[in-house]
Amino acid sequence: MNITLYGTRGSIPVASKETRKYGGNTTCLYIESTQDDAIIVDAGSGIRELSAYCLKNKKQDLTLIFTHYHWDHMQGLPFFAPLYLKGTTITIYGPDKEVTPDKALFHQMMRPYFPTVSWRDVPSSILYKKATLKFRVGSITIQTIPTNHPNYTIGLKFTEGKNSFAFLTDNELLARNHITPYKKFVDFVKNTNFIIHDAAYTEEIYKTRLGWGHSTYTQVMQLAIDAGVDHVIFTHHDPPTTDQAIDTILRDFRKKYPRKTIEAAADGKTINFK
Ligand SMILES: [Zn+2]
Ligand SMILES: [Zn+2]
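This report concerns the structure included in the present document. Source: prediction; values computed, not measured.

1. Re the pattern of salt bridges
Counted by the stated rule, this structure contains eleven salt bridges. The salt bridge involving glutamate 18 is made with lysine 17; its shortest N-O contact spans 3.7 Å. A salt bridge links glutamate 49 to arginine 48; its shortest N-O distance comes to 3.9 Å. Of the residues examined, glutamate 49 reaches a relative accessible area of 43% and is grouped as partly exposed. Among the charged side chains, a salt-bridge network with shared partners connects Lys183, Asp187 and Lys190.

What follows is the structure in structure tokens.
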């Protein structure tokens, strides 16, 4: 399994010289299995850049998993070129508790919100499948867990052979009115090679953001410690968080936890299994 991060910013894309290092595109993750299965998680603005890779490598059978339908997780979809290619099949998984994926995406691409083509008229073939607690795409097994977020959202764990990682974006680990208690997240990420987890806030900012559905760097580190996971990647960077702020956070946390590998997600970053 190879992983490339195409979008790592939370809430809204940002474009400034202060955020160039970690990037400003909203959530999109690309996973390719050893058998060439192509899995995309979320269609934030980062998915536009994934188009070029898919076209160049003739990826005609794609799986797209939505964690939820907040704008920052689907706003890039109308600009995903493979959608407009006849002969391409896109299998979509996503929560259907509040809205079905079809309806969420149809609304986004309906006139007057999108000018050219309606969601249900795109030339590619779209299939819908249910994101159950455990399902398989090619050689990868995917497990899901509801996260603590204002609208129904799923966290994901990917396993191929002995390699696995968890991707938990838009999750408030210690939410007061939780859907999933903290302990269940500990069990969920246990034995993974690494976790990519929402770390939008410092402890200071979190005090003013209770119930917004995001976690702090400290909470994510605690999760890694409690689950015995040695490699942590912070993601869903808050829009005002600068490269310099992220660098400072990384420096402090690496000093505090020298045995852990601590990184920040960055647009374009690839992650390989050792
Ligand atoms: Zn988000
Ligand atoms: Zn969200």
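Once the structure has been displayed, the description carries forward.
2. Details of the coordination of the zinc ion (ligand 2)
At this site the zinc ion (ligand 2) is bound by His68 (NE2), His70 (ND1), His149 (NE2) and Asp170 (OD), with donor distances of 2.1 to 2.4 Å. Classification of the site at the zinc ion (ligand 2) rests on its four donor atoms, whose angles at the metal span 88 to 173°, yielding the label irregular. Mapping the donors of the zinc ion (ligand 2) onto the primary sequence yields the spacing H-x1-H-x78-H-x20-D. Between the zinc ion (ligand 2) and the zinc ion (ligand 1), the interatomic distance is 3.5 Å, and aspartate 170 donates to each metal, bridging them. Here the residue histidine 149 occupies a position in the loop between β8 (140-146) and β9 (154-160), and aspartate 170 occupies one in the loop between β10 (163-168) and α3 (182-189), the gap between them amounting to 21 residues.

3. Let's talk about the coordination of the zinc ion (ligand 1)
Under ideal tetrahedral coordination, the four donors around a metal are separated by 109.5 degrees; under ideal octahedral coordination, the six donors are separated by 90 or 180 degrees. Within the protein, Asp72 (OD), His73 (NE2), Asp170 (OD) and His236 (NE2) serve as the donor atoms for the zinc ion (ligand 1), at 2.1 to 2.2 Å. In this structure, the zinc ion (ligand 1) is surrounded by four donor atoms whose angles at the metal cover 91 to 165°, and the resulting shape is irregular. Read from N- to C-terminus, the donor residues coordinating the zinc ion (ligand 1) fall into the pattern D-H-x96-D-x65-H.

4. So, the sheet that holds strand β13 (residues 261-264)
Overall, mixed pairing links the seven strands, which are arranged β7-β8-β9-β10-β11-β12-β13 in an open sheet. In this open sheet, the two strands that pair with only one neighbour each are β7 (134-137) and β13. Recorded for the sheet is a direction-independent mean angle of 20° between the axes of neighbouring strands. Bridge analysis of β10 against strand β11 (residues 194-198) gives four bridges, and the strand direction is parallel.

5. A look at the packing of α3 against helix α5 (residues 217-227)
Interhelical geometry of α3 versus α5 gives an angle of 60° and a closest axis separation of 9 Å. In terms of their interaxial angle, α3 and α5 are classed as oblique. Here the hand of the crossing between α3 and α5 comes out right-handed. Where α3 abuts α5, its residues Tyr182, Phe185, Val186 and Val189 lie against Gln222, Leu223, Asp226 and Ala227. Its residues placed into classes, the contact of α3 with α5 shows six nonpolar, one polar and one charged.

Conventions and cut-offs
- Residues numbered from 1 in each chain as written.
- Chains lettered and ligands numbered in written order.
- Predicted model: local features only at pLDDT ≥ 70, side-chain atom pairs only at ≥ 80, totals over all residues.
- Heavy atoms only, no water.
- Salt bridge = Lys/Arg side-chain N within 4 Å of Asp/Glu carboxyl O.
- Buried < 20%, exposed > 50% of the residue type's maximum accessible area, 1.4 Å probe, protein only.
- Donors = N, O, S within 2.8 Å, 3.2 Å for Na, K, Ca; no water.
- Tetrahedral: all angles 85-135°; square planar, octahedral: opposite > 155°, others 65-115°.
- Helix = DSSP H or I, 4+ residues; strand = E, 2+ residues; numbered from the N terminus.
- Pairing = 2+ DSSP bridges.
- Axes fitted to C-alpha atoms, helices over the stretch in contact; angles between N-to-C directions.
- Parallel < 35°, antiparallel > 145°, perpendicular 65-115°, else oblique.
- Left-handed = near helix turned anticlockwise from the far one by under 90°.
- Contact = heavy atoms within 4.5 Å.
- Nonpolar A, V, L, I, M, F, W, Y, C, P; charged D, E, K, R; others polar.

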